[in-house]
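# Report on the structure
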2 protein chains.
Amino acid sequence: MSDHIVFFSKSDIPQSWQTAFAKVRPGARFEVLSGAVTGPCDADFAVVWHPPHGELARMTKLKAIFSLGAGVDHVLGDPEFPSHVPLSRVVDPTLTAGMSEYVVLQVLALHRGLPGYIAAQRRGLWRPSAPKLARDVRVGIMGMGVLGRDAARKLAPFGYRLSGWSRSGFEEAGVECHRGADGLKAILRSTDILVCLLPLTAETRGILNRETLALLPAGAAILNAGRGAHIVDADLLAALDARHVSAAALDVFAEEPLPAPHRYWSHPGVIVTPHVASLTNADAVAARMSASMDRVNAGLPPFDLVDPARGY
Amino acid sequence: MSDHIVFFSKSDIPQSWQTAFAKVRPGARFEVLSGAVTGPCDADFAVVWHPPHGELARMTKLKAIFSLGAGVDHVLGDPEFPSHVPLSRVVDPTLTAGMSEYVVLQVLALHRGLPGYIAAQRRGLWRPSAPKLARDVRVGIMGMGVLGRDAARKLAPFGYRLSGWSRSGFEEAGVECHRGADGLKAILRSTDILVCLLPLTAETRGILNRETLALLPAGAAILNAGRGAHIVDADLLAALDARHVSAAALDVFAEEPLPAPHRYWSHPGVIVTPHVASLTNADAVAARMSASMDRVNAGLPPFDLVDPARGY
C-alpha cells in the first residue's frame, strides 16, 4: 500500500481528507496540491475537485481519477483530460440522503410559499395564503439516477403527483416516466415544481432557458441542485420578473461563490443556498475510494465508474 | 334540515364556508355573525373561531359548538363558555397532512441551517457549513396526538432520532416515549430540534420558558406550530440572543397578526410564518361538521368531541 495519492480541491478542506485517508490507507503517501505543479508527477491516484486544466494529463502514471463529488463535469471539461484513465465519482448513501433532505426541504418550501413568507418577514408583513393540497401539486424531477429516484421516494409520502425525465428513461413506482426531447416538453408543460438533478453534459448545459421555461405552467417554481450551468440565468431572472416563474430555490451557480452583485442574492422570489444540498462525507467516501484503489491495483475497474462519453 | 347555523370567525373568509355548507347542508339557514349580537339567539349550531366572550352563552338553544380549527382554547378560554353543550374540533386528514408538511419543512430547514442561509443571503454572504447527518439529529415532539404522531411518521424516513412527549404517554413505533413532568425534563435534555404541537391548556401555557429552555442542549432549535402562548417570548428571545437556542421557526404567536415592532420579525435566527402551518379546508371540514350535525340531531355526540376538562 505504498500508493501515491495526490489531492486537489478548490473547496474541500484537505485536512479532513488527509485524516480520513490516514485511517483507511495508512501506508499511502498523501500529497496535497495547492495549485499547478511543474514537471511530471508520478502519482498513482488523483482525488480531485476542479483541478487546473492540464494538470491530470501531466500525471502520466495515473491508475485512476476520483471526483470528490457526484458530478464530473469539472474534470471532463478539461480539454487535456486523460480519458484512458478510469474515472470514478462519488455515489455515497450519505450524499444521496443529504440531497433528498435538500430536495424535500425546498419542494415543501416552494409548495408552501416559504420564499414569499421570507420576503414578507423582511418587510414585517403578515400575509397568510392558502396552499394547494399536495395531491394537486405536480413535481417534475429532471434526472432520474440514484439521486432523482431517492428524492422521488422521499417525496411520495406527502402525496405529490410525481413525474421524472431522463435521457434514457427509467422505471420507478408512482413516478410518471418521460424521456427524450418530446418527453422534456411534456414534463415541463405538466410541472408545478421543477427539480433539476441532472448531470452537466454538453446536452444538458443551458437546458433551462427562455424556450423551455416558457413551457412551464404560469406560476411554476424551480429547484436547482444540479449544476449552475443548467440554467441560463438571464432567462430565469426574466421569467421571475414576469412572475411566469413564481419562485426558485438555487443551490448551484455558474460561478461559485455566487458573485456579490448577482441579482439572485436580492431577488425576493429566490432562495440562495451556498452549494450545500449535498456535501461529501470524507470518512465514508475515503473508505469507498480506498476500496476502489484496491480493485484498481488488482486490475479491476474502480467502483462508480464514469463513462466519459456519456458524461456521468 | 332546517337547522340554524351561526358562523363567526375573526380570520376565516365566511364566503368559502357559506358555499361549502350550501353544498352539504342545502336546507340549513347559515347566518354570518360579524361581532357581538344583542339579545338571545336561537341557533342550533355555532361554527366559530375566537368568538367574542359571552356570545356562545347567549345562544341558549345550541345543540353543538364546532371549532374551526384543531385547537379549542379560543372557546374554552371564554369564562361564560356553556360547558354542557357538546364541543367538536377539527380532526381532518387534510389538516393533519398540512401540519406534517409544515413540520417536516421546518425540521429540515432547522437541521440544514436554512435560517442562517437566509440571513447570509440578505447580506450577500456565501457561507457553506456542513450539516450533521440526520441519524445524529434528535427531534423531540411535544404533543403526540393525531398531529404529532403523523409528523413523526413523516419524519421517520429521513432517519432522525425521534422522541415524543405527552401528558398521558403514547405508543408509536420508532419514537421514544416521555410523559409527565420528569419526562418533560428528559426530552428537553436530549433534543436538538424541539417541535411544539401541544394543545393550549392551563398546564401547557408558557411551557417553553427560561427554565425549560435552559434544559435544551446548547445550539438546539425550536419549531412552534402549537400556540403562541406556549412560549414565553422574552425568554426565547434571550435564549436566541445568547445563542443557547440557535434558531426558531415560529408559525403561531401570542398576538396575531404578530405586531409590527416585535423582535421576532427581524431576528436573524427566526423564521416567521403567518399561522399557515395548517389551514382548515372548508369543503372537507363542512362535510364532516354536517355529518356531526346529523348525529347530534339523532341524539348522538358529534364526531371529534372535546373533553372541556382536559382541554382537547
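These figures come from a predicted structure and were not determined experimentally. Residue positions within a chain follow its written sequence, with the count starting from 1. Note on labels: chains are lettered from A, ligands numbered from 1, in written order. The predicted origin of the model limits local features to residues at a pLDDT of at least 70 and limits the giving and counting of side-chain atom pairs to 80 or more, whereas totals for whole chains, interfaces and linings rest on all residues. Heavy atoms from the whole structure form the basis of all side-chain values; hydrogens and water molecules are not counted.

## Focus on the overall build of chain A
Quick reminder of the rule: Helix and strand definitions follow DSSP, with helices as H or I runs of at least four residues and strands as E runs of at least two, each counted in order from the N terminus. Every radius of gyration here is taken over C-alpha atoms, with the globule rule written as 2.2 Å times N^0.38, N being the number of residues. Working definition: with a 1.4 Å probe on protein chains only, accessible area under 20% of the residue-type maximum means buried, over 50% means exposed, and in between means partly exposed. Only heavy atoms matter for contacts: two residues are in contact if any of them lie within 4.5 Å across the pair. The Shrake-Rupley method, run with a 1.4 Å probe sphere, supplies the accessible areas, and residue values consider only the shown protein chains as cover.
Within chain A one finds 11 helices and 12 strands. For a compact globule of 312 residues, the expected C-alpha radius of gyration is about 20 Å, and chain A comes in at 21 Å, within 12% of that figure. In terms of overall dimensions, chain A has a C-alpha envelope of 60 × 40 × 35 Å along the principal axes. By residue count, 55% of the 312 residues in chain A fall in the buried class. Residue pairs in contact within chain A that sit at least 24 positions apart in sequence constitute 61% of those at least 6 positions apart. Total accessible area on chain A is roughly 13,000 Å²; 52% of this is exposed by carbon and sulfur atoms.

## Focus on helix α4 (residues 93–111) of chain A
Note the cut-off: Here the expected span of a helix is defined as 1.5 Å times the quantity of residues minus one.
An ideal rise of 1.5 Å per residue puts 27 Å on 19 residues; α4 of chain A measures up with 26 Å between its terminal C-alpha atoms. Along α4 of chain A, 17 of the 19 residues are buried, which leaves the element largely enclosed by surrounding structure.

## Details of helix α5 (residues 114–122) of chain B
When we look at burial in α5 of chain B, the residues that qualify are Leu 114, Pro 115, Tyr 117, Ile 118, Ala 120 and Gln 121 of chain B. In the segment just after α5 of chain B, Gly 124 of chain B is the residue with positive phi, at about 65°.

## Brief notes about the pairing of strand β4 (residues 64–67) of chain A
Residue and element names in this part refer to chain A. To keep things clear, this is the line we draw: Strand pairing follows a simple DSSP-based rule, namely that at least 2 bridges must link the two strands.
Here β4 shows no split at all, with Ala 64 and Phe 66 on one side and Ile 65 and Ser 67 on the other all buried. Taken together, the 4 bridges between strand β3 (residues 45–49) and β4 define a ladder with parallel strand orientation. From the neighbouring strand, Ala 46 faces β4, where its bridge partner is Ile 65.

## Details of the packing of aromatic side chains
So the rule is basically this: Aromatic contacts are taken between Phe, Tyr and Trp rings whose centres are within 6.5 Å, Trp giving its six-membered ring; a plane angle under 30 degrees counts as stacked, one over 60 as edge-to-face, and the others as tilted. Charge-over-ring placement is defined geometrically: NZ (Lys) or CZ (Arg) within 6 Å of the ring centre, and within 35 degrees of the ring normal.
Taken as a whole and judged by the stated rule, the model has 14 aromatic pairs over all chains. Ring centres 5.6 Å apart and planes at 35° place the aromatic pair Phe 7 of chain B and Phe 30 of chain B in the tilted group. Taken together, the residues Phe 7 of chain B in strand β1 (residues 4–9) and Phe 30 of chain B in strand β2 (residues 29–32) connect sequence positions 23 residues apart. Each member of the pair, Phe 7 of chain B as well as Phe 30 of chain B, carries the same accessibility label: buried. Three or more aromatic residues link up through ring pairs in this structure, and these residues are Phe 7, Trp 17, Phe 21 and Phe 30 of chain A. Positioned above the aromatic ring of Phe 303 of chain A is the side chain of Arg 288 of chain A, whose terminal nitrogen or guanidinium carbon lies 4.4 Å from the ring centre. Positioned over the ring face of Phe 303 of chain A is Arg 295 of chain A, at 4.6 Å from the centre of the ring.

## Observations regarding the relation of the copies chain A and chain B
Applicable threshold: The least-squares superposition of copies is restricted to C-alpha atoms, and to residues with a pLDDT of at least 70 in both copies.
For the pair chain A and chain B, the best superposition has an RMSD of 0.1 Å and corresponds to a rotation of 180° with a translation of 0.0 Å parallel to the axis. The two molecules are tied by a two-fold rotation axis, judged by turn and shift. When C-alpha positions in chain A are compared against the rotation axis, the closest is assigned to Leu 105 of chain A, at 2.6 Å.

## Quick word on the sheet that holds β1 of chain B
Residues and elements named next belong to chain B. Stated precisely, the cut-off is as follows: Note on method: axes are straight lines fitted to C-alpha atoms, helices fitted across the in-contact stretch only, with angles between N-to-C directions ranging 0 to 180 degrees.
Read from one edge of the open sheet, 5 strands run β2-β1-β3-β4-β5, paired in parallel fashion. The open sheet has two edge strands with one neighbour each: β2 and β5 (87–88). Note that β1 and β2 share 4 bridges and pair parallel. Within β2, the residue paired with Phe 7 across the bridge is Val 32. Against the sheet, helix α1 (residues 14–24) engages β1, β2 and β3 (45–49), with an angle of about 175° to β2.

## Section: the side chain of Thr 191 of chain A
Residues and elements named next belong to chain A. What counts here: Under this definition, polar contacts are N or O atom pairs within 3.5 Å; protein pairs additionally need one hydrogen-donor-capable and one acceptor-capable atom, and for neighbouring residues in sequence, both atoms have to be side-chain atoms.
Along the chain, the position of Thr 191 falls in the loop between α7 (180–189) and β9 (193–196). A relative accessible area of 0% means that Thr 191 is categorised as buried. At a separation of 2.6 Å, a polar atom in the side chain of Thr 191 contacts the main-chain carbonyl oxygen of Ile 187. Setting aside residues no more than four positions away along its own chain, Thr 191 makes contact with Arg 138, Gly 140, Ser 163, Leu 216, Pro 217 and Ala 220.

## What about the packing of α4 of chain A against helix α4 (residues 93–111) of chain B?
Rules: With respect to orientation, any angle under 35 degrees is reported as roughly parallel, any angle over 145 as roughly antiparallel, any angle of 65 to 115 as roughly perpendicular, and every other angle as oblique. If you view the pair so one helix is near and one far, a crossing is left-handed when the near helix is turned anticlockwise from the far one by less than a right angle, and right-handed when it is turned clockwise. The residue classification treats Ala, Val, Leu, Ile, Met, Phe, Trp, Tyr, Cys and Pro as nonpolar and Asp, Glu, Lys and Arg as charged. All others, Gly included, are polar.
Look at α4 of chain A against α4 of chain B: their axes get within 9 Å of each other, and the N-to-C directions meet at 125°. Relative to α4 of chain B, the element α4 of chain A lies oblique. Considering only the axes of α4 of chain A and α4 of chain B, their crossing is left-handed. On α4 of chain B, the residues touching Glu 101, Val 104, Leu 105, Leu 108, Ala 109 and His 111 of chain A of α4 of chain A are Glu 101, Val 104, Leu 105, Leu 108, Ala 109 and His 111 of chain B. Across the contact of α4 of chain A with α4 of chain B, the residue classes tally to 8 nonpolar, 2 polar and 2 charged.

## Some thoughts on the interface of chain A and chain B
When the parts come together, some accessible area is lost, and that loss is often what is quoted as the size of the interface. Rules: Buried area: the accessible surface (1.4 Å probe) lost by two parts on joining, summed over both. Salt bridges, as used here, are contacts in which a Lys or Arg side-chain nitrogen is within 4 Å of a carboxyl oxygen on Asp or Glu.
Each partner contributes residues to the interface: chain A has 49 residues there, and chain B has 49 residues. Across the interface of chain A and chain B, roughly 3,900 Å² is buried in total on both sides, 71% from carbon and sulfur atoms. Three residues stand out in chain A for area buried against chain B, namely Glu 101, Gln 121 and Trp 126 of chain A, and they jointly supply 23% of the buried area on that side. Applying the counting criterion to the chain A and chain B interface returns 2 salt bridges.

## Some thoughts on the sheet that holds strand β11 (residues 245–250) of chain A
Residue and element names in this part refer to chain A. The 7 strands lie next to each other as β8-β7-β6-β9-β10-β11-β12, forming an open sheet whose pairing is parallel. In this open sheet, the two strands that pair with only one neighbour each are β8 (175–179) and β12 (270–272). Pairs of neighbouring strands in the sheet enclose a mean axial angle of 15°, with direction left out of account. Note: β11 against β12, 3 bridges, orientation parallel. The partner of Ala 248 across the bridge, within β12, is Val 270. Across the sheet, α4 lies against β6 (138–142), β9, β10 (220–224), β11 and β12, angled at about 160° from β10, the strand it touches most. Together, β6, β7 (161–166) and β8 form the strand contacts of helix α6 (residues 146–155), whose direction differs from that of β6 by roughly 165°.

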